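# Residue-level structural notes
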Amino acid sequence: TPGKSLSNSEQTCLWRCAQNMMETNVFMQKRLVQQAKHQRGLSTVDTGASRAREDEEESAEEVGPTFSVIAWNDRGSCKRLGSAFPVPFQSACPQLSIFGLPLPLMEPSSSFSPPMSVLNRPSSVLIPFSIFATVFILNMYRTGGCLVKSCEYTSMFHHTISIVAALACMAAEWNELSTRAVYGSNTGFPWASLLQHINIGYFLYDFLHSLAWEHHFIIHHTVALTGLFASEYMNSFALANAVNTLIAESGSIIYNYYNAHKSLNHYVIFVAVYGVSRLIFLVWSLLVLHQVWRPFEGAVYPFWAPYAITSLQLSLLVVNLVFLFTHMRKLNRKLRERRQEAARKAAGEGEVTTAVLRRRSVVAIDAAA
């Protein structure tokens, strides 16, 4: 039975539906007006009558469709403020709001259209793949053929783009992260879908390097690509992947910085930052698993989706934790070697000091004799 209030996700859904309806209404009206003008131009009509009809249509175009204003209180209940009335296209549309959110009326040509799935449009992945390959080739030329440096610079390029896109996606869809990050439709989150296509293109590019010489990344890239393509097939999980990307790339940037400026102090900073980011990733993975097995009402997904998402998210978590523990052991070994070297150095200085004192004692005894 209908309740007395709406949740935040329900309010957001209603707001989006209302905005889409208004945009479609304006688009259809403008389209019909243009068709009417075109038909009138082909016919022979009296000039005065034609001009009068043009004035009427232009005034109707400026007024736009009719709407009813709905106001929402803090608890989500609504009331109608007035009957339907004409709304000018440019002036009055920004004044419309639902639960405090404005309803801007944009023409479809000026709105951002969500990217198509890579399964239907491979160019959405081939374009970023080509961009990363081009950046790598340019870096090879700039560094004089240094493979390692070229890969690091290309990775930093991807990390920067991914973090910026992920932050923009989270800012736009912050209210959806706690409920619709897993089973929300990818087409409903266009920036998350675009980021996912960028990641697919990059991992396909970097997978070639993994097969050639960075073999320790093969498992990680295989798991990542499997999850990304599964998300494309299900048309969901893009928003959750955006958060996965943000957390993963934050540690990768520090790792690439350490590779460019290798020192023990930088390695300590990298392990510390990477460890904190993996703890955040652990908490986020628990939230993802909660949404997987307790989906929001009305979620649509194939029967195998919960099992696939659970296995892939846990696989990513395990791979990242193994990577963290590997670097923690490596850091512990480096610190132990540094302590041993300091102890040997201190012992050597002590032996030199003892030898000097003995020499001085012998000289003093000889002088006294």
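One can find the structure itself at the top, above this paragraph.
One structure accompanies this document, and this report is about it. (Residues numbered from 1 in each chain as written. Predicted model: local features only at pLDDT ≥ 70, side-chain atom pairs only at ≥ 80, totals over all residues. Heavy atoms only, no water.)

## So, helix α4 (residues 147-172)
For α4, built from 26 residues, the straight-helix expectation of 38 Å at 1.5 Å per residue is met to within 8% by its first-to-last C-alpha distance of 38 Å. Restricting attention to buried positions, one finds in α4 the residues S150, C151, E152, T154, S155, H158, H159, S162, I163, A166, C169 and M170. On its buried side, α4 packs onto α3 (123-142), α5 (190-212) and α7 (238-260). (Helix = DSSP H or I, 4+ residues; strand = E, 2+ residues; numbered from the N terminus. Expected span 1.5 Å × (residues − 1). Buried < 20%, exposed > 50% of the residue type's maximum accessible area, 1.4 Å probe, protein only. Contact = heavy atoms within 4.5 Å.)

## Some thoughts on the state of the cysteines
Linking two cysteines covalently via their sulfur atoms produces the bond known as a disulfide. Considering all chains together, one arrives at 0 disulfides under this definition. The thiol sulfur of C146 is not disulfide-bonded, and the nearest other cysteine sulfur, from C151, lies at 8.9 Å. (Disulfide = S-S within 2.5 Å.)

## Some points on the side chain of N139
Here N139 shows up in helix α3. On the accessibility criterion, N139 (9% relative accessible area) is buried. Apart from residues lying up to four places away in sequence, N139 is in contact with S150, Y153 and T154.

## What about the pattern of salt bridges?
Considering all chains together, one arrives at 1 salt bridge under this definition. Between R180 and E176 there is a salt bridge, with the nearest N and O atoms lying 3.3 Å from each other. When its relative accessible area of 3% is taken as the criterion, E176 is described as buried. (Salt bridge = Lys/Arg side-chain N within 4 Å of Asp/Glu carboxyl O.)

What is shown is where atoms sit, not what they do.
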